[in-house]
Amino acid sequence: MRNKKHILFATIALTLISGFTYVISQTKPTTEPKIIQDTVKNARPNIIALPVDSVFTDKGLKLRPYKKNAHASYYADRFNGKRTANGSRFNNNQYTAAHKKLPFGTRVKVTNEANGKFVIVKITDRGPFVKTREIDLSKRAFMDITKHKGAGAMKVTIETIVE
């Protein structure tokens, strides 16, 4: 009888100790969390990715990354001569663009991710009004950087130009 009590006591003690050890192993020491800064990943491997809020120079331009993998399209010819949201007349032969949030007059560098070609356009209008699109370029700007002249949309990187 006495032997059974010792076995029962040892079993209970072992169970409690193993449970306590498990709980301690699962608690993490309280340390300061590491702050990880978001960076822009670059499709071109020879260029180092920079923090999103940085300003860097590219051939004399001070650029601030705005958005990567953005979908761009271009204005239809029927909008030629119509008033834009900033009050000017739209011309498909100028280097202008429409964006939902960027202020009027902002100059942006739009780079085609497929071939690396870019244009610099000025925001003069609001849009595009298709949820999946980020920016509408004038036809001239779009055709200057597109890979396939028959395409209606492409993936681009948008960088704002800091004055």
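The structure under discussion appears in the preceding block.
Described below are features of the structure shown in this document. (Residues numbered from 1 in each chain as written. Predicted model: local features only at pLDDT ≥ 70, side-chain atom pairs only at ≥ 80, totals over all residues. Heavy atoms only, no water.)

**Thoughts on the pairing of strand 7 (residues 153-162)**
The buried fraction of strand 7 amounts to seven of the ten residues, a majority that puts the element mostly inside the structure. Note that strand 2 (residues 61-74) and strand 7 share nine bridges and pair antiparallel. Directly across from Ser73, in strand 7, lies its bridge partner Ala153. Here strand 4 (residues 107-112) runs beside strand 7; their pairing, made up of five bridges, is antiparallel. Within strand 7, the residue paired with Thr111 across the bridge is Thr157. (Buried < 20%, exposed > 50% of the residue type's maximum accessible area, 1.4 Å probe, protein only. Helix = DSSP H or I, 4+ residues; strand = E, 2+ residues; numbered from the N terminus. Pairing = 2+ DSSP bridges.)

**Things to note about the packing of aromatic side chains**
For the structure on display, the rule yields three aromatic pairs. When the centroid spacing of 4.7 Å and the interplanar angle of 45° are considered together, the rings of Tyr74 and Phe142 count as tilted. Taken together, the residues span a long stretch of sequence, with Tyr74 in strand 2 and Phe142 in helix 2 (residues 139-145) at a distance of 68 residues. Note on Tyr74: relative accessible area 26%, which makes it partly exposed. Taken together through their ring pairs, the aromatic side chains of Tyr75, Phe79 and Phe90 make up a single cluster. Above the ring of Phe118, the side-chain terminus of Lys109 is found at 4.3 Å from the ring centroid. Cation over ring: Arg126 sits above Phe104, and NZ or CZ is 4.2 Å from the ring centre. (Phe/Tyr/Trp six-rings, centres within 6.5 Å; stacked < 30°, edge-to-face > 60°. Lys NZ or Arg CZ within 6 Å of the ring centre and 35° of its normal.)

**Describing a nonpolar patch on the surface**
Residues Leu8, Ile12 and Leu16 make up a contiguous nonpolar surface patch of roughly 320 Å² in combined accessible area. Of note, Leu16 is situated in helix 1 (residues 2-26). (Patch = residues over 30% accessible without salt bridge, like charges linked within 9 Å, V, L, I, M, F, W, Y side chains within 5 Å. Areas by Shrake-Rupley, 256 points an atom, 1.4 Å probe, with all protein chains shown as cover. Salt bridge = Lys/Arg side-chain N within 4 Å of Asp/Glu carboxyl O.)

**Some points on the pattern of salt bridges**
As enumerated under the stated definition, the model contains two salt bridges in all. For Glu134, the salt bridge identified is with Lys67, shortest N-O distance 3.0 Å. Here Lys67 lies in strand 2 and Glu134 lies in the loop between strand 5 (118-125) and strand 6 (135-137), a separation of 67 residues in the sequence. The residue Lys139 makes a salt bridge to Asp77 at a minimum N-O spacing of 3.3 Å. Here Lys139, found in helix 2, pairs with Asp77, found in the loop between strand 2 and strand 3 (96-99); they are 62 residues apart in sequence, far enough to count as distant. According to the relative accessible area criterion, Lys139 is partly exposed, its value standing at 26%.

**Side note on the pairing of strand 5**
Pairing analysis gives three bridges linking strand 3 to strand 5, with the strands arranged parallel. For Ala97, the partnering residue across the bridge sits in strand 5 and is Ile123. Bridge count between strand 4 and strand 5: five bridges; the pairing is antiparallel. Bridge pairing in strand 5 links Lys109 to Ile120. Connecting strand 4 to the antiparallel partner strand 5 that follows it, the hairpin turn spans five residues, and Gly116 within it adopts a positive phi of roughly 80°.

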